[in-house]
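# Coordinates in review
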Amino acid sequence: MTNDISSTATTPLPIAPGRWAMDPFHSAVNFTIRHLGIAKVRGRFGGVRAELFVGERIEDVRVSATIDLASIDTGNADRDAHVRASDLLDVAKRPTMTYRSTGVSGEGEDWTMEGELTIGDVTRPVTLAVEFGGLGAMPVGGNGRHAGFEATGEIRRGEFGLDFAPGLLGEVVKIQLDMQFVEPVGA
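Right, let's walk through the structure included here. These numbers come from a predicted model, not from an experiment.

### Overview of the overall build of the protein
- For the protein, the helix and strand inventory stands at 2 helices and 11 strands.
- From first element to last, N terminus to C terminus, the protein shows the α and β order α-β-β-β-β-β-β-α-β-β-β-β-β.
- Here the C-alpha radius of gyration of the protein, 18 Å, is about what a compact globule of 187 residues would show, namely 16 Å.
- Reported as C-alpha extents along the three principal axes, the dimensions of the protein are approximately 50 × 40 × 30 Å.
- The proportion of buried residues among the 187 residues of the protein is 43%.
- Within the protein, counting contacts between residues at least 6 apart in sequence, those at least 24 apart form 56% of the total.

This is the structure we're talking about:
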């Protein structure tokens, strides 16, 4: 993807340059999928690792994330075990999904992140709408300032070879990420 440099080259980045570490206690990867076309099933992935690298320019901003697919939690242990099985997600064959940004654009609170999502051996482009929540310091025993982000988007299961249970499960999976990253020391 080519960044929209004309509108962002002079826009100051809202956070300091450096390698920001994910705060696992204040970050979450959630999803929603239709069941039988009439209701939504909500879930989350507990096993998430992410990193945010901020350069001097917007062209240098990079995000990478790895999600352990076996960490799926829909609030029903039996359903989760079935989703992990070989006839559905097949976490033995597809243990992780990864996201790697390829470009960021925007300003203020509203940003767009282009990237590539890989599930198993299939990689597809995925765009996320990103809201910058701001910066805040932990009031007690904090370890630097935190930057908060909410990112939303959607994928189509069939594009990733996850076309099991048609009619039972919807094709579109909506994604919501609530992420906090900790400012690098000395930033």
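This is not the end of the story, as more comes after the structure.
### Quick word on the environment of Ile33
- With respect to the helices and strands, Ile33 occurs in strand S2 (residues 28-35).
- Judged by its relative accessible area of 10%, Ile33 is buried.
- Residues Ile33 and Arg84, 51 residues apart in the sequence, show an inter-C-alpha distance of 16 Å.
- When near neighbours in sequence (up to four residues on either side) are disregarded, Ile33 contacts Ala39, Lys40, Val41, Arg157, Leu169, Gly170, Val172 and Val173.

### Observations regarding the pattern of salt bridges
- One pass over the full model with this rule turns up 5 salt bridges.
- Between Arg19 and Glu51 there is a salt bridge, and its shortest N-O distance comes to 2.8 Å. One end of the pair, Arg19, is in strand S1 (residues 18-22); the other, Glu51, is in strand S4 (residues 48-54), with 32 residues separating them in the sequence.
- For Arg19, a relative accessible area of 48% puts it in the partly exposed group.
- The class for Glu51 is partly exposed, based on a relative accessible area of 31%.
- When the shortest N-O distance is used, the salt bridge between Asp60 and Arg57 registers 3.4 Å.
- By relative accessible area, which is 48% here, Arg57 ends up partly exposed.

Cut-offs applied
Residues numbered from 1 in each chain as written. Predicted model: local features only at pLDDT ≥ 70, side-chain atom pairs only at ≥ 80, totals over all residues. Heavy atoms only, no water. Helix = DSSP H or I, 4+ residues; strand = E, 2+ residues; numbered from the N terminus. Rg over C-alpha atoms; globule rule 2.2 N^0.38 Å. Buried < 20%, exposed > 50% of the residue type's maximum accessible area, 1.4 Å probe, protein only. Contact = heavy atoms within 4.5 Å. Salt bridge = Lys/Arg side-chain N within 4 Å of Asp/Glu carboxyl O.

Fair warning: the whole summary comes from geometry, so function is off the table for now.
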